[in-house]
Amino acid sequence: MENKVFQQMASRYDTEDRIELAKVIANEVKQELQKNATKSLIDYGSGTGLVSLELSDLVNSILLVDSSKQMLDVAEAKISRRGIRNAKVLYSDFTQETPQMKADIVLMSLVLLHIPDTEKILQQLFSILNESGELIIVDFDKNDQIDHPRVHNGFSHEGLKDILSKVGFDSIEIKTFYHGEGIFMKQDASMFISRSIK
Ligand SMILES: C[S@@+](CC[C@H](N)C(=O)[O-])C[C@H]1O[C@@H](n2cnc3c(N)ncnc32)[C@H](O)[C@@H]1O
């Protein structure tokens, strides 16, 4: 989806439905994040921080990265209002510039579907992970009800696994964890979580 769409919707992004869905995602990601108190996490395409700001107690630091300044402004206001001391924001688009940073964990929640070149962004995320670092992706399963010129209509587990492994990831696990009504462009859909190791 066009970046300017997210800039325009930033101040009204946190609807009840999105907050509910983010809770479901954060609870699932929490189960992947046991015993990571010393680790750094990058939330790529963080939006307003609905998911990763629920995870700040589980990791050492969180960097919320987004290509929409307006979404990050909302996230930054939450960080300061809630007194979260280990979270920062970074305005960047790794499909346009090569990131100069490293992290132990990269999380991508409902972002991959908005990025046209899946392999390129996964390569960039691979490059910023420390050795044995972990990429966690949450996104929609492939859904034939969706047809939009700028949004992937979800991902098949096999197709995504192939790309992740081509990029260099190991130990790739993908599972569907949630089915919901009207959650993907107003269509019923299911979400998967994937975990891959560098
Ligand atoms: C549907 S929102 C998801 C926000 C958050 N991760 C969540 O689960 O609530 C997608 C976010 O991805 C960001 N985004 C889209 N393309 C991006 C890119 N190429 N680089 C960084 N962020 C991107 C958008 O600005 C938006 O904030």
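Keep in mind the model is a prediction, meaning the values are calculated, not measured.

Sorry, what's going on with the site of the ligand here?
Not every one of the 18 residues close to the ligand is listed here, only the nearest: Phe6, Gly45, Gly47, Ser68 and Ser109. Partitioning the shell around the ligand into residue classes produces eight nonpolar, eight polar and two charged.

How should I be thinking about the environment of Ala103 in this particular structure?
Along the polypeptide, Ala103 turns up in strand E4 (residues 103-109). The buried category is assigned to Ala103, around which 25 C-beta atoms lie within 10 Å. Note: C-alpha distance between Ala103 and Gln8 (95 residues apart in sequence) is 30 Å. Sequence-distant contacts of Ala103, defined by excluding residues within four places in its chain, comprise Ser40, Leu41, Ile42, Ile128, Leu129, Asn130 and Gly133.

Teacher, can you tell me more about the pairing of strand E2 (residues 61-66) here?
Of all the six residues making up E2, five are buried; the element is thus mostly covered by neighbouring parts of the structure. Inspection of the sheet shows strand E1 (residues 40-44) paired to E2 by five bridges, in the parallel sense. Paired with Ser40 across the strands is Ser61, a residue of E2. With five bridges connecting them, E2 and strand E3 (residues 87-91) associate as parallel partners. Of the residues in E3, the one forming a bridge with Ile62 is Ala87. Running through helix H3 (residues 69-82), the crossover from E2 to the neighbouring parallel element E3 is right-handed.

Rules of the game
- Residues numbered from 1 in each chain as written.
- Predicted model: local features only at pLDDT ≥ 70, side-chain atom pairs only at ≥ 80, totals over all residues.
- Near = placed C-beta within 6 Å.
- Nonpolar A, V, L, I, M, F, W, Y, C, P; charged D, E, K, R; others polar.
- Helix = DSSP H or I, 4+ residues; strand = E, 2+ residues; numbered from the N terminus.
- Buried ≥ 20, exposed ≤ 12 C-beta atoms within 10 Å, placed from the backbone.
- Contact = placed C-beta atoms within 7 Å.
- Pairing = 2+ DSSP bridges.
- Right-handed = clockwise from strand over helix to strand, strands pointing away.

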